Every structure is written in C-alpha cells, then in structure tokens.
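Working through the structure, step by step
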Amino acid sequence: MDASFTYRVGDLAPDEALRLPCACGTRTLTRRELLALVGRDERLHLIGLRRELWCRACGEPPLQGWVVAARG
C-alpha cells in the first residue's frame, strides 16, 4: 500500500495548509481550520469526500489537493 494513503490531518505540521481546488477556484485551509472542520483523524486522500469542505459557491467537491506552507 502507498504510504501517502496513511497521512491524516493531524500529520500536517502547524505551519502547513491544504490547498483544495474546485470548479470555480482554489481555497487554502490551514491545519487549524481543517482540525475544526473535520478533525485530526481524517485521511488526506479522502478529505474531498467530506461535505464540510465542498465549495459553497459552486457546490462541487474539491479536486485532488496538495500541501503548502501556511501563511502566517
């Protein structure tokens, strides 16, 4: 099994964020925001399935995201 399938929100460093694109744009959610929305045990490769993270503008789930440095 690919080790990337084991990463969870809690594995993100405090200075990391998750960038999630959708049909109308891209949002960046900090580790703190993700913890509040979905909890620390949510797997990153499945995070787009969580309705809490679907775009409020277009109603679409996020496409495949990537980890970035969080802005201070």
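Each chain carries its own residue numbering, running from 1 in the written order of its sequence. Reporting in this predicted model follows two pLDDT cut-offs: at least 70 for local features of residues, and 80 or more for side-chain atom pairs to be given and counted; totals over whole chains, interfaces and linings ignore these cut-offs and use all residues. The side-chain values count all of the structure's non-hydrogen atoms but skip hydrogen atoms and water molecules.

So, the pattern of salt bridges
Close approach of charged atoms lets side chains of opposite charge pair. Selection criterion: Should a side-chain nitrogen of Lys or Arg be within 4 Å of a carboxyl oxygen of Asp or Glu, the pair is scored as a salt bridge. Partly exposed describes any residue whose relative accessible area lies between the buried limit of under 20% and the exposed limit of over 50%, with all areas from a 1.4 Å probe on protein chains only and scaled to the type maximum.
Within the structure shown, the criterion is met by two salt bridges. Between R50 and E42 there is a salt bridge, with its nearest N and O atoms 2.7 Å apart. Residue class for E42 comes out buried when judged on its relative accessible area of 15%. A salt bridge links R50 to E52, with the shortest nitrogen-to-oxygen separation between them at 3.0 Å. Assessed through its relative accessible area of 23%, R50 is described here as partly exposed. Each member of the salt-bridge network shares a partner with another, and the members are E42, R50 and E52.

Here's the deal with the confidence of the model for the chain
The predicted structure's coordinates, where accompanied by low pLDDT, should not be read in detail. Test applied: Residue-level confidence of the predictor, termed pLDDT, takes values from 0 up to 100. Only DSSP runs of H or I reaching four residues or more are called helices, and only runs of E reaching two or more are called strands; each is numbered from the N terminus.
Per-residue confidence for the chain gives a mean pLDDT of 87, with 97% of residues at or over 70. The secondary-structure element of the chain with the lowest mean pLDDT is strand β3 (residues 66-69), recorded at 86, while helix α1 (residues 31-38) shows the highest, at 94.

Examining the side chain of E42
This is how the line gets drawn: For the purposes of these results, a polar contact is taken to be a pair of N or O atoms within 3.5 Å, where, inside protein, one atom must be able to donate a hydrogen and its partner to accept one; residues adjacent in sequence count only when each atom of the pair is a side-chain atom. In this analysis, two residues are considered to be in contact whenever any of their non-hydrogen atoms come within 4.5 Å of each other.
Considering the arrangement of structural elements, one finds E42 in the loop between α1 and β3. A distance of 2.7 Å separates the side chain of E42 from the side chain of R50, its partner in a polar contact. The contact partners of E42, leaving out residues within four places of it in the chain, are Y7, R8, V9, I47 and R50.

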